[in-house]
Amino acid sequence: MFQNQISFGLNIAKDATPAVLSKLLKVDKNISSEIKFEKGTYHFYPDKGYESFEYISNHCDLMVVSAFPIDGFKNLTIDGQGSTFIFHGVIIPFLVKNSDNITVKNVTIDWNESFHSEGLIVANNSKDKTFDMQISNTYPYEIRNNQLYFIKEYYEHTFGQNILFDPKRKAIAYNTSAYTAVSTKKRNSVKNNLDKIKYKYEFDLRAPEFKYIGFETNLVVKELKPGLVRVFGHKKKMPPVGLILSMKGEQGFNRVAPAFRVTHTNGFNGKNVNIHHAGGMGIIAENSSDIILDSFNITPSQGRMVSTTADATHFVGCRGKLVLKNSTFNNQLDDAMNVHGTYQKVIDILGNNKIGVRMMHHQQKGFVIGQTNDTIGLVRLEDSFFPYSKLTIKNTEYISSRYQIISFNENLPKNLKEGDLIENLDAYPDLLVKNCKIGSNRARGLLISNPVKTIIEDNFFNTEMEAILIPVESGHWFESGNAANVIIRNNVFQDCLHGGGNKGVIRFATDDNNENIAFKNIEITNNTFNQFDNLIMQITNTDGLIFSGNNIKNSGTFPMLNEENPAIKVNTSKHIIFQKNIYNGKAKIKLQSDGAVPNLKFK
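To start, this report covers the structure provided alongside it.

Quick notes on the rules
- Residues numbered from 1 in each chain as written.
- Predicted model: local features only at pLDDT ≥ 70, side-chain atom pairs only at ≥ 80, totals over all residues.
- Heavy atoms only, no water.
- Helix = DSSP H or I, 4+ residues; strand = E, 2+ residues; numbered from the N terminus.
- Rg over C-alpha atoms; globule rule 2.2 N^0.38 Å.
- Buried < 20%, exposed > 50% of the residue type's maximum accessible area, 1.4 Å probe, protein only.
- Contact = heavy atoms within 4.5 Å.
- Areas by Shrake-Rupley, 256 points an atom, 1.4 Å probe, with all protein chains shown as cover.
- Lys, Arg positive; Asp, Glu negative; His and termini not counted.
- Charge placed at Lys NZ, Arg CZ, Asp CG, Glu CD.
- Pairing = 2+ DSSP bridges.
- Axes fitted to C-alpha atoms, helices over the stretch in contact; angles between N-to-C directions.
- Phe/Tyr/Trp six-rings, centres within 6.5 Å; stacked < 30°, edge-to-face > 60°.
- Salt bridge = Lys/Arg side-chain N within 4 Å of Asp/Glu carboxyl O.
- Core = buried A, V, L, I, M, F, W, Y, C linked by side-chain atoms within 4.5 Å.

## Topic: the overall build of the protein
Looking only at helices and strands, one finds one helix and 53 strands in the protein. Scaling as 2.2 N^0.38, a compact globule of 603 residues should have a C-alpha radius of gyration of about 25 Å, and the protein matches this with 25 Å. For the protein, the C-alpha atoms occupy an extent of roughly 75 × 65 × 60 Å along the three principal directions. In the protein, buried positions account for 59% of the 603 residues. Looking at the protein alone, contacts between residues at least 24 apart form 73% of all its contacts between residues at least 6 apart. Element-wise, carbon and sulfur atoms account for 47% of the exposed surface of the protein, whose accessible area totals about 24000 Å². If you average the places of the 68 positive and of the 60 negative side-chain charges in the protein, the two averages end up 4 Å apart.

Here is the structure:
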């Protein structure tokens, strides 16, 4: 029973933002409350939204507005009762912070104008390196200094990141990597005294303040007639006629409006939520616990090829239960799910129990790695992917978005060195992904870096890249976490990697070139792989993997891209078992191994 109930009717539909805010900001945050909407369509504009500056993992850091700023609430339910919420411009619909037991249910979220744009390829010329693109009235544009800019209500973007879609399949185009990304930049030729600039501290060359150094514009765009433009200077194969090019602007500038941002919150439930678009991720959750998403769907609308312009779901430093079930994730421009912690670098040793750490990727700025008494692992990846020592946090001093000082309850180990990494060993979840449909999207299905427990079962995958990637990533994104206790069972993998990548449908990978074990206790059982290409799985740096009862077939849907590949590759691993599998694929070699596991055979 709710102690407080608030209802909204269709009379606020023209701009619901001020009416919602006026009541939400007056709610007693410490009592159980329910906000209900009469079923209908409601519009939300940024002009009268609640403003705050937000550092958001894997997004741009900026002053944003929100229609639902949920900060410090306990036991709040928002029930759309089947309503559609349409947002305009750069606005975060649900901004959930420092709260407990928040539920959002029975609502559809969309944007009036998308954060990406689309163009139909109508002609190409390989000799002149040009292609022509028809742009509908849905995507207003202008050309400035021979560059294409798409203009929205409150936003604009350049050509930027791009990929091809097949409108017949309404999915990423087969072998798109042969044609895209369309090359928008090239190395410049005129430089003077750049080598004399000295940086005292480490810096991120891909951060927005550095990313243009050494580059100039490569493309030239000319209008042939209104709605028809010609693109000059593309370096790859010319995009085929009939495909649709999706463009979303420059990386580092194009993730400005996730549908849900959840941070420092214990208990978040998303039930019967449909997200048709967002200028970033469907949901980004950080430093939160016990998140359950049930019938939480990401699909495009309004004839668009694209739903969200980044990941469907993304979880950083989350703990407790993390459940994703009965959901569909289609046509997003990045992974369906990414689960990981963060690596931060030790740059100062400040005493017996104190260190200074740096947030390494520019989209980790503002992230606080843990709370008092959390267990921190000290990691030196050239020696091991697992911590060589553990400490517990006493206090964290937030100095800046990039630099923090952490004090521990224990003394630092004598072998700690500047340059070592830290990770929060308590900030990983008990993860379940069940009965989900994932496909037609750019990039992967699931990226899982979780050493606690992971179950992936009864799902369908049809992804442009790997269906499941289990990585240790420390070279660019600094997404921490090895993997252990992973069960992958009863899933169907249909024609994954159709975008052109030469990788396994399931892949274990590290970006550090060593033979250290990173992954332990893996079970892959009773799955169906119906693939057009050969390579099913890449196993590396793994101790303990059972591959049993799986059925591998060749679908014949597309021509093979890598006919020379085996079905399975195994390197720098041990205790690997294959048993009771059925193989009806076309690979000449079923199993390719480096010999580290004696007498290893595919069975």
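## As for the sheet that holds strand β34 (residues 421-424)
Judged by pairing direction, the barrel is antiparallel, and its six strands sit side by side in the order β29-β30-β33-β32-β31-β34 before closing back on the first. Direction aside, the axes of adjacent strands within the sheet are offset by 45 degrees on average.

## Observations concerning the packing of aromatic side chains
With the rule as written, the count across this model stands at 31 aromatic pairs. Between the aromatic rings of phenylalanine 37 and phenylalanine 68, the centroid separation amounts to 6.1 Å while the plane-to-plane angle is 65 degrees, which identifies the pairing as edge-to-face. Taken as a pair, phenylalanine 37 in strand β2 (residues 33-37) and phenylalanine 68 in strand β5 (residues 62-71) lie far apart in primary sequence, 31 residues in all. The exposure classification of phenylalanine 37 matches that of phenylalanine 68, with both residues buried. For the ring pair phenylalanine 115 and tyrosine 155, a centre distance of 5.0 Å and an interplane angle of 65 degrees mean the geometry is edge-to-face. Linking phenylalanine 115 in the loop between β8 (100-111) and β9 (117-125) with tyrosine 155 in the loop between β12 (147-151) and β13 (156-158), this pair joins segments that are 40 residues apart in sequence.

## Topic: the environment of valine 104
Among the structural elements, valine 104 can be located in strand β8. Considering only alpha carbons, one finds valine 104 and aspartate 71, 33 residues apart in sequence, at a separation of 14 Å.

## Quick notes on the pattern of salt bridges
One pass over the structure, following the stated rule, counts 25 salt bridges. Two residues, aspartate 132 and arginine 230, come together in a salt bridge whose shortest N-O distance is 2.7 Å. Of this pair, aspartate 132 sits in strand β10 (residues 130-134) while arginine 230 sits in strand β19 (residues 228-232), placing them 98 residues apart in sequence. Residue arginine 230 is classed as partly exposed on the basis of its relative accessible area, which comes to 29%. Residues arginine 144 and glutamate 142 are paired through a salt bridge, measuring 2.4 Å at the closest nitrogen-oxygen approach. When salt bridges with common partners are traced through the structure, they connect Arg255, Asp334, Asp335, Arg442 and Arg444 into a single cluster.

## Focus on the nonpolar core
Grouped together as the largest cluster of nonpolar side chains are 116 residues, with contacts concentrated most on Phe260 and Phe578. Sorting elements by how many residues they give to this core places β5 first, with six residues. The contacts of phenylalanine 260, once residues within four sequence positions are left out, are Phe94, Val104, Ile109, Phe268, Val273, Ile275, Gly282, Ile283, Ile284 and Phe296. Residues Leu164, Ala178, Leu245 and Met247 belong to the second largest nonpolar core, which totals 21 residues.

## Structural notes on the sheet that holds β19
Hydrogen bonds along the backbone pair up the strands of a sheet, which may run parallel or antiparallel. Taken in spatial order, the seven strands of this open sheet run β15-β14-β20-β9-β10-β19-β18, and their pairing is antiparallel. Only two strands of the sheet have a single neighbouring strand rather than two, namely β15 (171-172) and β18 (220-225). Taken together, the four bridges between strand β14 (residues 162-166) and strand β20 (residues 244-247) define a ladder with antiparallel strand orientation. Residue pairing across strands places leucine 164 opposite leucine 245, the latter belonging to β20.

## Brief notes about the pairing of β34
Neither face of β34 is left uncovered, since the one carrying Leu421 and Glu423 and the one carrying Ile422 and Asn424 both have all their residues buried. Judged from the two bridges that link them, strand β29 (residues 344-349) and β34 form a sheet pairing that is antiparallel. Its bridge partner being in β34, glutamine 344 is matched across the sheet by isoleucine 422. Across four bridges, strand β31 (residues 375-379) lies against β34 in antiparallel orientation. Across the sheet, residue glycine 377 finds its bridge partner in β34, namely glutamate 423.

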